[in-house]
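Descriptive structure summary
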Amino acid sequence: METWYYLSNKGFLGNKKGSAFALEKFVKELDETIGKLLEYDKIVSKIPKDYGCGIPLSMSEIHTIEAIGNYPGANVTDLAEVRGVTKGALSKMLSRLEKAGFIRRYQYKDNKKEHYFQLTALGRKAYEGHYLFHESRSNVTHAKYKEYSEEERKLILGFLHMYVEYLKDYME
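Residues numbered from 1 in each chain as written. Predicted model: local features only at pLDDT ≥ 70, side-chain atom pairs only at ≥ 80, totals over all residues. Heavy atoms only, no water.

On a plain count of helices and strands, the chain comes out with six helices and seven strands. When its helices and strands are written in sequence order, the chain yields β-β-β-α-β-β-α-α-α-β-β-α-α. The buried share of the chain, reckoned over its 172 residues, is 23%. Considering only residue pairs separated by 6 or more positions, the chain has 38% of its internal contacts joining residues 24 or more positions apart. Within the structure as shown, the chain displays about 12600 Å² of accessible surface, and the carbon and sulfur contribution to it stands at 57%. (Helix = DSSP H or I, 4+ residues; strand = E, 2+ residues; numbered from the N terminus. Buried < 20%, exposed > 50% of the residue type's maximum accessible area, 1.4 Å probe, protein only. Contact = heavy atoms within 4.5 Å. Areas by Shrake-Rupley, 256 points an atom, 1.4 Å probe, with all protein chains shown as cover.)

This is the structure:
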């Protein structure tokens, strides 16, 4: 079996030695780094923040508000897909956000089966505050993104999409 190597100074995979380290070491470092990323995400997601609306929101709540703001007229199925959560979990979240006054549920006269969602004024304020929060906190990171070529960005996004699919396998 051929061993593949990550060429650290070149940034690509190959099967030549040189200044490379074995793929197994690369995979181990990758797993450790992604593990840290997920742990930090878990910690950060538990810290409620006020996004300028006077009410602290969890990361899950603000990202549900964000999804509704980004996909106006979406139904539960659409929003669950965008958020990567079950319809049941999302339905509970939507009920809480509706009760708190962030979103409004509505139906079309010709389709009483489906429920659709839109942001209220309070929800819009949280939505916009969320973007302002990221603008103020993410300037350095966003500046770093500009250092990557379009091809490198596509590679990064492709890897992240692949990794999301990989994690979905663990849910079965």
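Axis separation between helix H2 (residues 59-70) and helix H3 (residues 76-83) bottoms out at 10 Å; the angle between their running directions is 120°. With respect to each other, H2 and H3 are oriented oblique. Considering how the two elements wind past one another, H2 and H3 form a crossing that is right-handed. Mapping the contact onto sequence places Ser-60, His-63, Thr-64, Ala-67 and Ile-68 in H2 and Leu-79, Val-82 and Arg-83 in H3. (Axes fitted to C-alpha atoms, helices over the stretch in contact; angles between N-to-C directions. Parallel < 35°, antiparallel > 145°, perpendicular 65-115°, else oblique. Left-handed = near helix turned anticlockwise from the far one by under 90°.)

Right, let's get into the environment of Ala-67. Within the secondary structure layout, Ala-67 lies in helix H2. When the C-alpha atoms of Ala-67 and Tyr-127 are compared, they prove to be 9.3 Å apart, with 60 residues separating the residues in sequence. Apart from residues no more than four positions distant in its own chain, Ala-67 is found in contact with Leu-79, Val-82 and Arg-83.

Side chains that differ in sign of charge can pair as their charged atoms come close. Taken as a whole, this structure holds four salt bridges when the rule is applied. In this structure, Arg-105 engages Glu-98 in a salt bridge whose closest nitrogen and oxygen atoms are separated by 3.0 Å. Glu-150 is paired through a salt bridge with Arg-153; the nearest N and O atoms lie 3.9 Å apart. You can see Glu-150 and its partner Arg-153 sitting in helix H6 (residues 150-169), three residues apart, about one turn around the helix. (Salt bridge = Lys/Arg side-chain N within 4 Å of Asp/Glu carboxyl O.)

What follows deals with the confidence of the model for the chain. The predicted coordinates ought not to be read in detail in places where the model reports low pLDDT. Chain-level pLDDT for the chain is 86 on average; 87% of the residues reach the 70-or-more range. Counting contacts from residues 1-12, a segment whose pLDDT is below 50, to residues more than four positions away or on other chains yields 32 contacts. (pLDDT = per-residue confidence, 0-100.)

Both the distance between ring centres and the angle between the ring planes are used here to describe each pair of aromatic rings. Scanning the entire structure with this criterion turns up eight aromatic pairs. On the basis of an interplanar angle of 50° and a centroid distance of 5.0 Å, the ring pair of Tyr-163 and Tyr-166 is categorised as tilted. Of this pair, Tyr-163 and Tyr-166 both sit in helix H6, separated by three residues, roughly a single helical turn. The class for Tyr-166 is partly exposed, based on a relative accessible area of 34%. Of the aromatic side chains, those joined through ring pairs into one cluster are Phe-159, Tyr-163, Tyr-166 and Tyr-170. The lysine or arginine in question, Arg-124, covers the ring of Tyr-127, its NZ or CZ lying 4.9 Å from the ring centre. (Phe/Tyr/Trp six-rings, centres within 6.5 Å; stacked < 30°, edge-to-face > 60°. Lys NZ or Arg CZ within 6 Å of the ring centre and 35° of its normal.)

At Ser-138, helix H5 (residues 121-145) shows its largest kink, close to 70°. For H5, the full list of buried residues reads Gly-123, Ala-126, Tyr-127, Gly-129, His-130 and Ser-138. Against strand E5 (56-57), H2 and strand E7 (111-119) lie the buried residues of H5. (Bend = angle between axes of the 7 residues up to and from the residue.)

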